[in-house]
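Each chain is listed here by its residues.
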Amino acid sequence: MQQMEENKQDRQHMGGTKQRDFSSGKMWKIITAQAVPLTVAQLVQLLYNIVDRLYIGHLPEVGPLALTGVGVTFPITTLILAFANLFGTGGAPLFSIARGAKNEDKAHVIMGNVFTMILIASMVIMSFCMILRVPMLYLFGASDATIVYAESYLRIYLFGVLFSMIVTGMNGFISALGFPRTAMWTTVIGAVLNLILDPIFIFGLSMGVEGAATATVISQCVSAVWVMHFLIAGKTDLTLRLSCMKLKGRVVLDVIGLGVSGFMQQATNCVVQIVCNVTLQNYGGDLYVGIMTIINSIREIASLPVTGISSGGQPVLGYNYGAKQPERVKEGIRFMALMGVAYTALMWLVIELFPSAFIRIFSDDAQTIAYGIHAVRLYFLGFVFMSLQFMGQSTFVGLGKAKRAVFFSILRKIVIVVPLTIALPMLAGLGTDGVFLAEPISNLIGGLACFVTMYVTLYRKL
């Protein structure tokens, strides 16, 4: 009877109940049920930009330069994602904790305030970046040969800032409500549309990089409509209400305080991208900026299951923490850590053995492939330690320990990666190799420091 009841509870977690209870059933099943569709959703989300790069990198004659130009826009698109994460990763865990504590009024207010903050931030960011886009692109590593492609792409992409931030910032609430499959469809719909529109606009209408950006904006708009329809249409007991959108100081501060971790993860990525692009431009020129664009794309794909596990586990850990179930929280942390380490170790081996296969996805340029193989192998040396960083920080965020998560974001990216990216190329004639070596060194030091601190200060005291 007990086993039958347990199986029934597991089915309820993964099925179609109106509002899901994460405090019973097997933790590994609940986290997996959350993580798998989220991983698929994040993979599909990447198609927005990955498909753009895939087509752009294979444009006749101008492919390598066009791909490099799009790569120079990464710091700006990453900054947009950082602000979406500031509100989304700050609001969704607090929303889960409020649900676990059965405080639905507070949960409504959190969701409404996050949406308002996204509206305000998107308008400010779009206006600022539109005005300063050209000097910003030169500052971030564009050359006279690549600025035309970078500016053409970014000018159109900025019109979709609001849609992008709604998808990234609000989709987490759908998952936190226990509907990861619906959250997955948010990105599936947009990405499939992008996959269809990209060749039409890029090649059929001969729009090049402008066509790629246009397809992306249209696709993000459709995804944003899907998210808003679900949150407003009353499919759950907790919906987005106009009466809860008026900003409340305490809620805003709490959301930003917890979301700073997600913001810093992306904002520090932005800083690292800028430093890498500028340093590579100085030591290797447009060729190596283009190689880094490809490496960033490979890393985004390779790290998806880890981010899926951490994103799927956060609301589950937060719910059980709010429901005062410490043993279940510890069980969830153990499962997430084991899966993260096992996957990244396997993925590191695959990338080290077949680097050219990954590069050819984005470019068939012989020079890019020849120089890129060595760069890829250097960059992914410490990939397995990256999972420790993800698991440590996701646990801190899921349990509302924002300051610790922020500290380790800054430690790895700003204190370790940036100085190494600048210093290593000057040491022993490393040149561009020094830029690619900075990542595995930071993964080793930062990942171990973050995970060990989480284990000692949080896990053992639950």
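Coordinates for the structure precede this section.
Given the structure is predicted, the values throughout are model-derived calculations rather than measurements.

Quick look at the packing of helix H7 (residues 161-176) against helix H9 (residues 209-232)
Relative orientation and spacing of two packed helices are given, respectively, by the angle between their axes and the distance between those axes. Here H7 crosses H9 at 35°, and the two axes come no closer than 9 Å. You can see that H7 and H9 cross each other, and the crossing is left-handed. Between H7 and H9, the residues in contact are Phe163, Ser164, Ile166, Val167, Met170, Asn171, Phe173 and Ile174 and Val217, Gln220, Cys221, Ser223, Ala224, Val227, Met228, Phe230 and Leu231, respectively. Along the lines of polarity and charge, the residues of the contact of H7 with H9 split into 13 nonpolar, four polar and no charged.

Focus: the nonpolar core
Counting 136 residues, the largest nonpolar core has Phe95, Val114, Met165, Met170, Leu231, Ile295 and Phe436 as the members making the most contacts within it. The biggest single contributor to this core is helix H5 (residues 104-139), with 14 residues. Ignoring sequence-local partners within four residues, the contact set of Met170 consists of Met111, Val114, Phe115, Ile118, Met165, Val227 and Leu231.

Re the side chain of Arg412
Its location among the elements puts Arg412 in helix H17 (residues 402-423). Looking at Arg412, its side chain comes within polar contact range of the side chain of Glu439, at 3.5 Å. Filtering out sequence-adjacent residues up to four positions away, Arg412 remains in contact with Gln389, Val417, Glu439, Ser442, Asn443 and Gly446.

Thoughts on H7
Over its 16 residues, H7 runs 23 Å from end to end, which matches the ideal 22 Å to within 8%, given 1.5 Å per residue. Along its length, H7 shows its largest kink, about 30°, at Met170. In terms of residue burial, H7 counts as a mostly covered element, since 12 of its 16 residues are buried. For H7, every residue scored as buried is listed here: Val161, Ser164, Met165, Ile166, Val167, Gly169, Met170, Asn171, Phe173, Ile174, Ser175 and Ala176. Of the residues one or two after H7, Gly178 is the one with positive phi, at around 95°.

Focus: the packing of aromatic side chains
Within this structure, the stated rule accounts for 12 aromatic pairs. Consider the rings of Tyr55 and Phe203, whose centres lie 5.8 Å apart with planes at 75°: the pair is edge-to-face. In this pair, Tyr55 is assigned in helix H2 (residues 27-57) and Phe203 in helix H8 (residues 180-204), connecting sequence segments 148 residues apart. Each ring, one from Phe380 and one from Phe383, has its centre 5.6 Å from the other, and the planes form 70°; the classification is edge-to-face. When sorted by exposure, Phe380 lands in the same class as Phe383, which is buried. Three or more aromatic residues joined by ring pairs make a cluster, and in this case those are Tyr288, Tyr371 and Phe436. Geometry around Tyr459 places Lys330 over its ring, the cationic atom sitting 5.0 Å from the centre.

Concerning unusual backbone geometry
Look at Ser206: it is not a glycine, yet its phi comes out positive at around 55°. With respect to the helices and strands, Ser206 occurs in the loop between H8 and H9.

Basis of the calculations
- Residues numbered from 1 in each chain as written.
- Predicted model: local features only at pLDDT ≥ 70, side-chain atom pairs only at ≥ 80, totals over all residues.
- Heavy atoms only, no water.
- Axes fitted to C-alpha atoms, helices over the stretch in contact; angles between N-to-C directions.
- Helix = DSSP H or I, 4+ residues; strand = E, 2+ residues; numbered from the N terminus.
- Left-handed = near helix turned anticlockwise from the far one by under 90°.
- Contact = heavy atoms within 4.5 Å.
- Nonpolar A, V, L, I, M, F, W, Y, C, P; charged D, E, K, R; others polar.
- Core = buried A, V, L, I, M, F, W, Y, C linked by side-chain atoms within 4.5 Å.
- Buried < 20%, exposed > 50% of the residue type's maximum accessible area, 1.4 Å probe, protein only.
- Polar contact = N/O pair within 3.5 Å; in protein donor to acceptor, adjacent residues only side chain to side chain.
- Expected span 1.5 Å × (residues − 1).
- Bend = angle between axes of the 7 residues up to and from the residue.
- Phe/Tyr/Trp six-rings, centres within 6.5 Å; stacked < 30°, edge-to-face > 60°.
- Lys NZ or Arg CZ within 6 Å of the ring centre and 35° of its normal.

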